[in-house]
Amino acid sequence: MEAKRGIALLAAAFVVSPLALGLGIILLIAASDDDDGGGGGDFGLAGGALRVGPGYVPAKYAALIEKAAADCDQGLPAGILAAQIQAESNFNPKAQSKDPKTGKPIADGIAQFIPSTWASSGIDGNGDGKKDVWDPEDAIPSQGKMMCELLKTAKKHPEYNGSPIELALAGYNAGWGRVQQYKGVPPASFAEGQTYNYVKFIMAAQAKLTAPDTSGDPEMSGEWTKPVNAPLGTPYHQSGGMWSSGYHTGIDFVASIGTPIRAAGPGKVVSASRVNAYGRQVIIRHADGMYTQYAHMSQLKVSTGDTVKGGQVIGLSGADGNVSGPHLHFEVRTGPEYGTDIAPLPYLRKKGVNI
């Protein structure tokens, strides 16, 4: 890894892997000066295709990484997997981590699996009848599957300190037991800040490896805005039995029936329909590859395939679907489907929305 990317590696051997779970053998990342606890979930996730080329993701691995992310139904961005691989092996399928004291091999391959973890979590990704840690066609799908399982577990703990993606990264790096121990991303005081800084590095690096996804759409104009003129209600990731996931996957705005609902930003309507739990809803894909969802509306003002501007009225607030009263349920997602949610407020604030 180039020094300019902030990774301090021992020699050229990519010493010690984030997959050395429970052994305290972790990628060495430049230490942070702060020690304010674990991750706070305030990073924005980038959606869309990977940025391919020198200094970014090698073309020969981009499709493998994107498929591994797409195979996860938990909202795992391809940029996260790419940033992990870049940090662990710099996309080198022959990389091998070694113990700096003994020189003995510790972790192998492009995704840096230790033997015991590979034995339990490695899969035959290319269907050739064997699982080979040195083969990216096996190692990258295995990495994606492992991260997907961690992300699913992380979403069951909205009370932990850190977003689900951050918690999954911490579990991948130090073992889920450490996440449980600290009830979130381990603080900078743990393991000389290695896990804490690993999470921060991956969250920052994933945006650089993700390209804007316009997918040939016509040029879209308009500013980003609050989706409805109403106060906030139920927050993101509040736990409770009324939600099938066990927690709230978006944020609510307490809006009376008939209040205009506006597109938070410019984009293309990929769904305008009625879904049982969400009632009448609209899902919009934006140029950065992310999606916003607007649910429980009493009336839809747009159709699937429409191009909308930021601030354009797309429907009226209501109480349609699984609700206890009128409100707008608003989600930000890495994909159009349920289960791909991320924290909405940090995303909107990074777009300049004062909320």
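Residues numbered from 1 in each chain as written. Predicted model: local features only at pLDDT ≥ 70, side-chain atom pairs only at ≥ 80, totals over all residues. Heavy atoms only, no water.

1. Regarding the packing of aromatic side chains
(1) Moving on: Taken as a whole and judged by the stated rule, the model has six aromatic pairs.
(2) Moving on: Between F113 and W118, the aromatic rings sit 5.0 Å apart at their centres with planes inclined by 65°, giving edge-to-face as the arrangement.
(3) Moving on: Ring geometry for W224 against Y347: centres 5.8 Å apart, planes inclined by 80°, an arrangement best described as edge-to-face. You can see W224 sitting in the loop between α7 (194–208) and β3 (251–253) and its partner Y347 sitting in helix α8 (residues 344–350), a full 123 residues away along the chain.
(4) Moving on: Judged by relative accessible area, which is 5%, Y347 ranks as buried.
(5) Moving on: One aromatic cluster is present, formed by F253, Y294 and F330 through successive ring pairs. (Phe/Tyr/Trp six-rings, centres within 6.5 Å; stacked < 30°, edge-to-face > 60°. Helix = DSSP H or I, 4+ residues; strand = E, 2+ residues; numbered from the N terminus. Buried < 20%, exposed > 50% of the residue type's maximum accessible area, 1.4 Å probe, protein only.)

2. Considering helix α1 (residues 59–70)
(1) Moving on: A rise of 1.5 Å per residue sets the reference length of α1, with its 12 residues, at 16 Å; its end C-alpha atoms lie 17 Å apart and thus fit the reference within 8%.
(2) Moving on: Every buried residue of α1 is listed here: Y61, A62, I65, A68 and A69. For α1, the angular spread of buried residues about the axis comes to 135°, placing them on one side. α1 presents A59, K60, A63, K67 and A70 as exposed residues on the side facing more than 90 degrees away from its buried surface.
(3) Moving on: Structurally, α1 contributes buried residues whose contacts are with α2 (78–89) and α4 (136–154). (Expected span 1.5 Å × (residues − 1). Arc of directions from axis to C-beta. Contact = heavy atoms within 4.5 Å.)

3. With respect to the nonpolar core
(1) Moving on: Core analysis: the biggest nonpolar cluster contains 47 residues, and V57, I65, L76, I80, M147, L169 and I202 have the highest contact counts within it.
(2) Moving on: Counting residues per element, this core draws most heavily on α4, at eight residues.
(3) Moving on: When residues no more than four places from it in sequence are discounted, the contact partners of V57 are L50, R51, V52, A62, I65, A82, F91 and L209.
(4) Moving on: Counting 27 residues, the second-largest nonpolar core is a separate cluster that includes Y236, F253, I284 and V332. (Core = buried A, V, L, I, M, F, W, Y, C linked by side-chain atoms within 4.5 Å.)

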